[in-house]
Amino acid sequence: STPGGGGGGLAEGDGRFSWPVGGYVTQEFGCTGFSWEQPRGDCANFHRGMDIANGAGTPIRAPEDGVVAFVGWNPYDDPRDPAFLVVIAHAGGY
């Protein structure tokens, strides 16, 4: 895997999720080279979401039924350039 990349292991989708917003994918769902991501399946580091960058105020929609788990500034970002997050938890660990 490459840092920031995805694919491999459990990253194979079944096509059930719709696209939530246009924008630039900054990190895919799946195996990653980022050491802070927890292991899952055969991946030493697994990113459990998909990160999509877009402008402030861009409307988004949930790609599947779920629960809004978090909305706010990313507490792990550099405070000089933080990202605003919307995290939606879906059934099956997605």
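What comes next is a walk through the structure. All figures in this text were calculated on a predicted structure; none of them were measured in a lab.

What counts, and where the lines are drawn
- Residues numbered from 1 in each chain as written.
- Predicted model: local features only at pLDDT ≥ 70, side-chain atom pairs only at ≥ 80, totals over all residues.
- Heavy atoms only, no water.
- Helix = DSSP H or I, 4+ residues; strand = E, 2+ residues; numbered from the N terminus.
- Polar contact = N/O pair within 3.5 Å; in protein donor to acceptor, adjacent residues only side chain to side chain.
- Buried < 20%, exposed > 50% of the residue type's maximum accessible area, 1.4 Å probe, protein only.
- Contact = heavy atoms within 4.5 Å.
- Salt bridge = Lys/Arg side-chain N within 4 Å of Asp/Glu carboxyl O.
- Phe/Tyr/Trp six-rings, centres within 6.5 Å; stacked < 30°, edge-to-face > 60°.

Moving on, we get to the side chain of Gln27. Position of Gln27 among the secondary structure elements: in strand β1 (residues 24-27). At a separation of 3.5 Å, a polar atom in the side chain of Gln27 contacts the side chain of His47.

This paragraph deals with the environment of Val86. With respect to the helices, strands and loops of the structure, Val86 is situated in strand β6 (residues 84-89). Val86 sits in the partly exposed class, given a relative accessible area of 41%. The spatial distance from the C-alpha of Val86 to the C-alpha of Asp51 is 9.7 Å, given a sequence separation of 35 residues. With residues near it in sequence (within four places) discarded, Val86 still touches Ile60, Phe70 and Val71.

Assignment of secondary structure puts Phe34 in the loop between β2 (30-31) and β3 (46-47). With 12 residues separating them in the primary sequence, Phe34 and Phe46 have C-alpha atoms 8.2 Å apart.

Looking now at the pattern of salt bridges. Using the criterion set out here, one finds one salt bridge in the structure. Residues Asp78 and Arg80 are paired through a salt bridge, measuring 2.5 Å at the closest nitrogen-oxygen approach. The exposure class assigned to Asp78 is partly exposed, which follows from its relative accessible area of 34%. Overall, the relative accessible area of 73% leaves Arg80 in the exposed class.

Attention now moves to the packing of aromatic side chains. Taken as a whole and judged by the stated rule, the model has three aromatic pairs. With 5.1 Å between their ring centres and 85° between their planes, Phe29 and Phe46 make a pair best called edge-to-face. In this pair, Phe29 sits in the loop between β1 and β2 while Phe46 sits in strand β3, placing the two residues 17 residues apart along the sequence. In this structure Phe29 comes out as buried when scored by relative accessible area, which is 16%. Phe46 sits in the buried class, given a relative accessible area of 0%.

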